[in-house]
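# Per-entry structural report
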Amino acid sequence: MKSVIEHSSSHMTDADLKAVAAYLKFLGGNPPLQAYNMQAQQATEAKLTAAKNLTEGERLYIDNCGACHFVTVKGAPGIFPELDQATIVNAKDPTGLIHTILEGAQQPSTEKTPSTLAMPGFGQRLSDDEVAQLATFIR
Ligand code: HEC
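Quick caveat, the model's predicted, so the values are computed rather than measured.

### Quick notes on the pattern of salt bridges
Applying the stated criterion to the full structure yields 5 salt bridges. Its salt-bridge partner being E58, residue K47 comes within 2.9 Å of it at the nearest N-O pair. Residue K47 is located in helix α3 (residues 38–50), and its partner E58 is located in helix α4 (residues 56–64); the two are separated by 11 residues in the primary sequence. The class of K47 is partly exposed, set by a relative accessible area of 29%. Residue classification places E58 among the buried residues on the basis of a relative accessible area of 9%. The structure contains a network of salt bridges with shared partners spanning E56, R59 and D63.

Right under this line is the structure:
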């Protein structure tokens with residue numbers, strides 16, 4: 001996706017973007033996500049903040065991810081992406097999320113946002129079981 005954004009979609013004109021949007025609309029899409037559960041989000045945030053009686057997935061999240069994506073799981077706008085509503089997190093198939101945890105990610109460099117903030121990969125640091133517990137908590 002980084003390459004697509006850097007070399008293609010960041011150079012699209014408004015007309016190009018409207019044409020792509022019209023095509024995607026024509027294709028239809030997934031049913032809307034479930035209504036956002038604010039209470040569940042607040043309960044998770046409170047539990048991660050208190051850091052008591054954590055599940056293994058919650059502990060792994062605080063230790064490895066919380067510094068950038070925060071206990072709110074909302075990151076910081078334009079810098080660290082929000083995870084709780086992210087398509088990659090909520091997709092039926094968890095492959096993309098697991099791949100991101102193992103290999104990390106890097107923001108594309110474009111004319112408007114030239115810096116390329118990076119997320120490290122955790123494949124060397126976490127066992128398969130830990131990655132599974134972490135991904136299960138995040139999903
Ligand atoms: C050093 C800061 C940092 C840490 C630590 C970090 N991330 Fe990230 N993460 C980022 C950045 C920056 C991006 C955006 C990269 C991009 O735009 O492709 C990102 C992107 C992601 C994405 C993709 C979001 C999307 O909408 O595409 C997921 C999922 C993710 N991180 C999960 C995690 C998990 C799980 C952990 C802990 C194992 C973690 N991150 C640790 C900085 C971090």
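Now, onward.
### A word on the coordination of the iron atom of the ligand
For a metal bound by four donors in a tetrahedral arrangement, the ideal donor-metal-donor angle is 109.5 degrees, while six donors in an octahedral arrangement ideally sit at 90 or 180 degrees. Around the iron atom of the ligand, the protein supplies H69 (NE2) and M119 (SD) as donor atoms, at distances of 2.1 to 2.2 Å. Its 6 donor atoms give the iron atom of the ligand angles of 83 to 180 degrees at the centre, a pattern that matches the octahedral case. Residue H69 is located in helix α5 (residues 66–69), and its partner M119 is located in strand β2 (residues 118–119); the two are separated by 50 residues in the primary sequence. What makes H69 buried here is its relative accessible area of 10%. Overall, M119 belongs to the partly exposed group, its relative accessible area being 26%.

### What to know about the layout of surface pockets
Taken as a whole, the largest pocket spans an internal volume of roughly 950 Å³. Forming the walls of the largest pocket are 34 residues, and the residues nearest its centre are P81, T100, A105, Q106 and M119. At the level of secondary structure, the elements contributing two or more residues to the lining of the largest pocket comprise α1 (2–7), α5, α6 (87–90), α7 (95–103), β1 (105–106) and β2. Partitioned by chemical class, the residues of the lining of the largest pocket number 22 nonpolar, 10 polar and 2 charged.

Calculation criteria
- Residues numbered from 1 in each chain as written.
- Predicted model: local features only at pLDDT ≥ 70, side-chain atom pairs only at ≥ 80, totals over all residues.
- Heavy atoms only, no water.
- Salt bridge = Lys/Arg side-chain N within 4 Å of Asp/Glu carboxyl O.
- Helix = DSSP H or I, 4+ residues; strand = E, 2+ residues; numbered from the N terminus.
- Buried < 20%, exposed > 50% of the residue type's maximum accessible area, 1.4 Å probe, protein only.
- Donors = N, O, S within 2.8 Å, 3.2 Å for Na, K, Ca; no water.
- Tetrahedral: all angles 85-135°; square planar, octahedral: opposite > 155°, others 65-115°.
- 1 Å grid on protein atoms, 1.4 Å probe; cavity = no way out; pocket = protein on both sides within 12 Å on 5 of 7 lines; lining within 4 Å.
- Points joined across faces, edges and corners; volume = space filled by probe spheres on them.
- Nonpolar A, V, L, I, M, F, W, Y, C, P; charged D, E, K, R; others polar.

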